[in-house]
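Survey of secondary and tertiary structure
Residue strings, one per chain:
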Amino acid sequence: MKNRTLALLLALLVPCISATAQLTTGGLTSRHYPPLLSWINTSELDGAAQSAYRICWYKAGKLVWDSGKVLSEESVLVPYGGPEMESGTLYTWKVRTWDGNGRASKWSGNASYMTGMLDPAGWKAQWIEPAEQSEVSQILHKDFHVSGQVAAATLYITAHGLYEATLNGRKVGDGLLTPGWTSYDNRIQYQTYDVTDMLKKGGNSLGVKLGEGWYNGRLALREYKQFYRHHGMAAFVQLEVRFKDGSTQTICSDGSWTSSESEIRSSSIYDGETIDARFKDDSLTPVVVKDYGTAELIPSISEPVRVQCILPAKKLIVTPKGEKVIDFGQNISGFEIIEYQGREGQEIVVTHAEELDENGNFYTTNMRSAKVTGRYICSGGQDSFRPTFTWYGFRYIKVEGMDEIDLDDFRAAAISSDNDVAGRFSCNDELVNRLQSNIVWSQIDNFVDVPTDCPQRDERLGWTGDAQIFFRTATFNRDVQDFFYKWILDLACETEMHGGRVPDICPDLPGVVGYGRTGWADAITIIPWQHYMAYGDKTILEKAWPAMKAWVDVMQGECSEDGIWDKGWHYGDWLFYSVDNDCEGKSAVTYKPYIQQCFYANSAQIAARAAKVLGLESEAAHYSQVAEKAKSDFCRAFLTPGGYPVSATQTAYALALEFEMVPEEMRPVLASRLAADVRRHGHLTTGFLGTPYLCNALTGYGYTDLAYGLLQYEGLPGWLYQVKMGATTIWERWDSMHPDRTIPDNGMNSFNHYSHGAIGDWLYREAAGIKETSPAFRTFEVAPHPGGRLTQVSASEKTPYGTIEVAWTAEGGSFHLDVTVPVGTEACVRMPSGAVENVASGHHSFTDIMTDR
């Protein structure tokens, strides 16, 4: 089960209204305490609305809080109002609601909530390390005796590095790569597990296997070796047992534990893992106790990384070079699983790749210094091999050490943070459907505890710019509320540590990259605000506010006398369309100070909106004035009186329109010039900062036909070019592979980069037409834009209030639209003809006459 802001979904329907509560933990501790409770109402009647609710909260089946009947329409983020909770305790709750006519729903099913360590004084464990630190994975051991009848048992655990815990030989939890990657100097997550059913009367054994992971291993770019080494691998473990007679027992990590080596002989995120199935270590060495303290410990916030699906081996390929290669048919983040009985001592070497080169040979150049290799040494019996403390980005594996390969011996596990599916999009164009699939797969593959840029090479870092441009697409595809809440808290910590300068990557690796780059640093303003609009939880604004404010203040403080923020080095419109040997000015270079000023004004405007939500009226007024001045200075510096910007690129026009940088009467002029530029090129020319806004700007000013032309352009550069070249994920570069299938060796080329997948936002917002008009989609708009080759679109989005569904067809001069509006929300439906109708909850159908598109 997932850890979410306590939400319940009550699906038992009565003729009027029903509610479903969603509050789940299952091994994790909610980020909110006291918790915020949500539920989703459903009804068979159009126009149904909640008028009241009643919440009942239980501990071990005993009622500890009854809200009574509360007259309220609210069903999202309702505060818990019961007595103080106990640490490490599993609670359940349920809800029922009443409609406007006073009719009650049935009770929901139970949802669960498990608390973490609520009182820091409750920590009794000590940090312990193996006596010898090496690349070999160590197992820390503790045997203990249980004599009474167990009522409840709770395990708290974390590590410096990565851990896998076992209790009596069984793995604790189903998460991978725990405790996750955070800003380790500020925050280290611990996990909380209910292990009641894993204990037995008599002797018990607790084991913790450690790997270097992000904390202690090789991390960062190319030449950086062992850059992020802190203190070495360590564990912090506390098992609390409560017996039925009321007595308790605590088993803690301390000097009584022992360590031994494991079968994992080496493990590295970039280089892979070596497993020797023959290895047995019966020697036990005393551990070393360390005083690292508990100040940084925080409960887990986001969903754990889990296996999402298992893929069978699709095809065995013998390349022109004679390499034995297995194709799994999909580019994934994950690892291979090998079930095999080989000779004792036989070594199987597995190397990973995303693509084959133009000649059909195994291609690993784009992995750079990452070895991405698994080595498996057979025991002589039936072995099951899979790595524990690493993963790979791959579609293909090269297998060495086997004379014959049976595809049935190989499978691939795709992993990701276990974020629920939120939205679905499909249409009649199969190329666009494949594009949507590629966008989703790139999101799944790169959301491995943090939003990474790529999952395969010697990088896999939480680049802030990539995350902010893709965030809204991410919210449409998956429920990323807690995933990004965790990451934004890390980003806020590190921003404040650096005086308001936002790091290029988060968690930060000091000295590797930089701080305060426009479009990247603005993740600290853009994501919290968009998160609030998507999910309605203003606590993310409260947590991020000091950093949001600090970043805007940094930009304002660095402005020149004419009000322009033009200081520092910046990435600009990263990976924009560039032509080799360009002597005709076809490369779309956008002046960097122009981009800086746009993002400066936008972040100031967001700060003003956030301050208003938080009730900070004077600061709201201040940052609103900062934004208006930034826009006025922009027009004076970068725009001629006739409306020509200093950079006449698609990115320049799109940013000016999206961020409302120019007076309202000037915007249609810029939009017409943007349209002219698109017609002149016949394709897009944007990079990371322009691409998210390009099609939105065109559609917003009446050029939907051009937006569809860009979407469905099948040449280079374009989204469908990648699809037609066989891509199963989104590429980092528009030309990551040339039409002749040659792959440019430019030192930075990923075939699994979600950034350009930001077009997914346009598919949901403009093609399907789903747009929130207030936080959490309490009110929203359905305004589809038919066009291009699309004659049918179907989309859904699970919001905090329920699932919005939209389906339209455009055939024979007629446009038909079906809309489902969740209980407790209202929608404004805008038809292509311009007809407008406001509707309440329920299922609604509309028919319109199509005009010439």
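The model shown is predicted, which means the values in this text are computed figures rather than measured ones.

The rules behind these values
Residues numbered from 1 in each chain as written. Predicted model: local features only at pLDDT ≥ 70, side-chain atom pairs only at ≥ 80, totals over all residues. Heavy atoms only, no water. Axes fitted to C-alpha atoms, helices over the stretch in contact; angles between N-to-C directions. Helix = DSSP H or I, 4+ residues; strand = E, 2+ residues; numbered from the N terminus. Parallel < 35°, antiparallel > 145°, perpendicular 65-115°, else oblique. Left-handed = near helix turned anticlockwise from the far one by under 90°. Contact = heavy atoms within 4.5 Å. Nonpolar A, V, L, I, M, F, W, Y, C, P; charged D, E, K, R; others polar. Pairing = 2+ DSSP bridges. Buried < 20%, exposed > 50% of the residue type's maximum accessible area, 1.4 Å probe, protein only. Polar contact = N/O pair within 3.5 Å; in protein donor to acceptor, adjacent residues only side chain to side chain. Salt bridge = Lys/Arg side-chain N within 4 Å of Asp/Glu carboxyl O. Core = buried A, V, L, I, M, F, W, Y, C linked by side-chain atoms within 4.5 Å. Expected span 1.5 Å × (residues − 1). Phe/Tyr/Trp six-rings, centres within 6.5 Å; stacked < 30°, edge-to-face > 60°. Lys NZ or Arg CZ within 6 Å of the ring centre and 35° of its normal. pLDDT = per-residue confidence, 0-100.

Details of the packing of helix H3 (residues 464–477) against helix H14 (residues 759–768)
Packing of H3 against H14 leaves a shortest axis separation of 7 Å and a crossing angle of 55 degrees. When the axis of H3 is compared with that of H14, the two are oblique. As H3 runs across H14, the sense of the crossing is left-handed. Contacts between H3 and H14 involve Arg472, Thr473, Phe476 and Asn477 from the former and Gly760, Asp761, Tyr764 and Arg765 from the latter. A class-by-class count of the residues in the contact of H3 with H14 yields two nonpolar, three polar and three charged.

So, the sheet that holds strand E43 (residues 826–830)
The four strands lie next to each other as E38-E39-E43-E44, forming an open sheet whose pairing is mixed. Of all strands in the sheet, those with a lone pairing partner are strand E38 (770–772) and strand E44 (836–839), marking the two edges. For this sheet, the mean inter-axis angle between neighbouring strands, taken without regard to orientation, is 20 degrees. Note that E38 and strand E39 (residues 779–782) share three bridges and pair antiparallel. By the bridge assignment, Lys771 is partnered in E39 with Glu781. Strand contacts of H14: E38 and E39, with the helix running at about 100 degrees to E38, the strand carrying the most contacts.

Observations regarding the side chain of Thr649
Position of Thr649 among the secondary structure elements: in the loop between helix H8 (617–638) and helix H9 (650–658). The exposure class assigned to Thr649 is buried, which follows from its relative accessible area of 8%. Among the polar contacts listed, one links the side chain of Thr649 to the side chain of Thr590, at a separation of 2.7 Å. If near-sequence neighbours (up to four positions away) are discounted, Thr649 is found in contact with Ala588, Val589 and Thr590.

What to know about the pattern of salt bridges
Applying the stated criterion across every chain, the model contains 39 salt bridges. Across the pair Asp504 and Arg517 runs a salt bridge, and its minimum N-O distance is 3.4 Å. Of this pair, Asp504 sits in the loop between helix H4 (481–497) and helix H5 (523–535) while Arg517 is found in the loop between H4 and H5, placing the two residues 13 residues apart along the sequence. On the basis of relative accessibility, which here comes to 0%, the residue Asp504 falls in the buried class. Across the pair Asp633 and Lys629 runs a salt bridge, and its minimum N-O distance is 2.8 Å.

Considering the nonpolar core
Note on soluble globular proteins: their nonpolar side chains tend to be buried together. Phe410, Phe425, Phe484 and Leu817 are the most contacted members of the largest nonpolar core, which has 198 residues in total. Among the elements that line this core, the one with the most residues is helix H7 (residues 592–613), at 12 residues. Sequence-distant contacts of Phe410, that is, excluding residues within four places in its chain, are made with Ala313, Ile326, Phe328, Ile337, Ile338, Ile397, Val399, Met402 and Ile405. Ala159, Tyr163, Leu167 and Phe243 belong to the second largest nonpolar core, which has 29 residues in total.

Examining the sheet that holds strand E41 (residues 802–811)
Sheet architecture is open: five strands sit in the order E35-E40-E41-E42-E45, paired in antiparallel fashion. With one partner strand each, in any of the chains shown, strand E35 (423–427) and strand E45 (842–849) form the two edges of the open sheet. For this sheet the average axis-to-axis angle between neighbouring strands, irrespective of direction, equals 10 degrees. Summarising the sheet, E35 and strand E40 (residues 792–799) pair through five bridges and their orientation is antiparallel. If you follow Gly423 over to E40, its bridge partner there is Glu797.

Considering the environment of Thr742
With respect to the element layout, Thr742 can be found in the loop between helix H13 (719–724) and H14. Distance in space between the C-alpha atoms of Thr742 and Asn359 is 8.6 Å, their sequence separation being 383 residues.

Quick notes on helix H2 (residues 430–446)
End to end, H2 covers 24 Å across 17 residues, agreeing with the expected 24 Å (1.5 Å per residue, within 8%). Among the 17 residues of H2, 13 are classified as buried, and the element is accordingly described as predominantly covered. Near the N-terminus of H2, the side chain that reaches the backbone nitrogen of Leu431, with its oxygen 2.9 Å away, is that of Asp429.

Details of unusual backbone geometry
Omega for the peptide link from Thr178 to Pro179 comes to 10 degrees, which places this bond in the cis form. Structurally, Pro179 can be placed in the loop between strand E14 (170–171) and strand E15 (188–194). The omega torsion across Leu716 and Pro717 is 5 degrees, close enough to zero to call that bond cis. With respect to the helices and strands, the residue Pro717 is situated in the loop between helix H12 (704–711) and H13. Positive phi values are uncommon outside glycine, yet Leu575 reaches one of about 60 degrees. Within the secondary structure, Leu575 sits in the loop between helix H6 (539–557) and H7. Notably, Arg741 is not glycine yet its phi reads approximately 75 degrees, a positive angle. Tracing the backbone through its elements, the reader meets Arg741 in the loop between H13 and H14.

A word on the packing of aromatic side chains
The description of an aromatic ring pair rests on the distance of the ring centres and on the angle between the ring planes. If you walk through the whole model with that rule in mind, you get 45 aromatic pairs. Note on Trp127 and Phe236: the rings are 5.3 Å apart at their centroids and 45 degrees apart in plane angle, and the pair reads as tilted. Of this pair, Trp127 sits in strand E10 (residues 127–129) while Phe236 sits in strand E17 (residues 234–243); the two residues are 109 residues apart in sequence, bridging distant segments of the chain. Taken individually, Trp127 and Phe236 each receive the classification buried, so the pair is uniform in this respect. Measuring from ring centre to ring centre gives 5.4 Å for Trp529 and Tyr532, while their planes differ by 50 degrees; the resulting arrangement is tilted. Of this pair, Trp529 and Tyr532 both sit in helix H5, three residues apart, roughly one helical turn. Accessibility assignment for this pair places Trp529 and Tyr532 in one class, buried. Of the aromatic side chains, those joined through ring pairs into one cluster are Phe447, Phe470, Phe471, Phe483, Phe484, Trp487 and Tyr754. When the ring centre of Trp391 is taken as origin, the NZ or CZ atom of Arg460, which lies over that ring, is 5.2 Å away. The cationic tip of Arg517 hangs over the ring face of Tyr571; the distance from NZ or CZ to the ring centre is 6.0 Å.

Quick word on the packing of H7 against H8
Closest axis-to-axis distance for the H7/H8 pair is 7 Å, and the angle between their directions is 160 degrees. For the element pair H7 / H8, the angle class is roughly antiparallel. Judged by the twist between their axes, the crossing of H7 over H8 is left-handed. Residue classes in the contact of H7 with H8 are distributed as 16 nonpolar, three polar and six charged.

Focus on the confidence of the model for the protein
With 94% of its residues at a pLDDT of 70 or more, the protein shows a mean pLDDT of 93. Contacts from residues 1–16, a stretch scored under 50 in pLDDT, to residues over four places away or in other chains number 105 contacts. Below pLDDT 50 for its whole length, residues 23–29 participates in 40 contacts with residues either more than four positions away or in separate chains.

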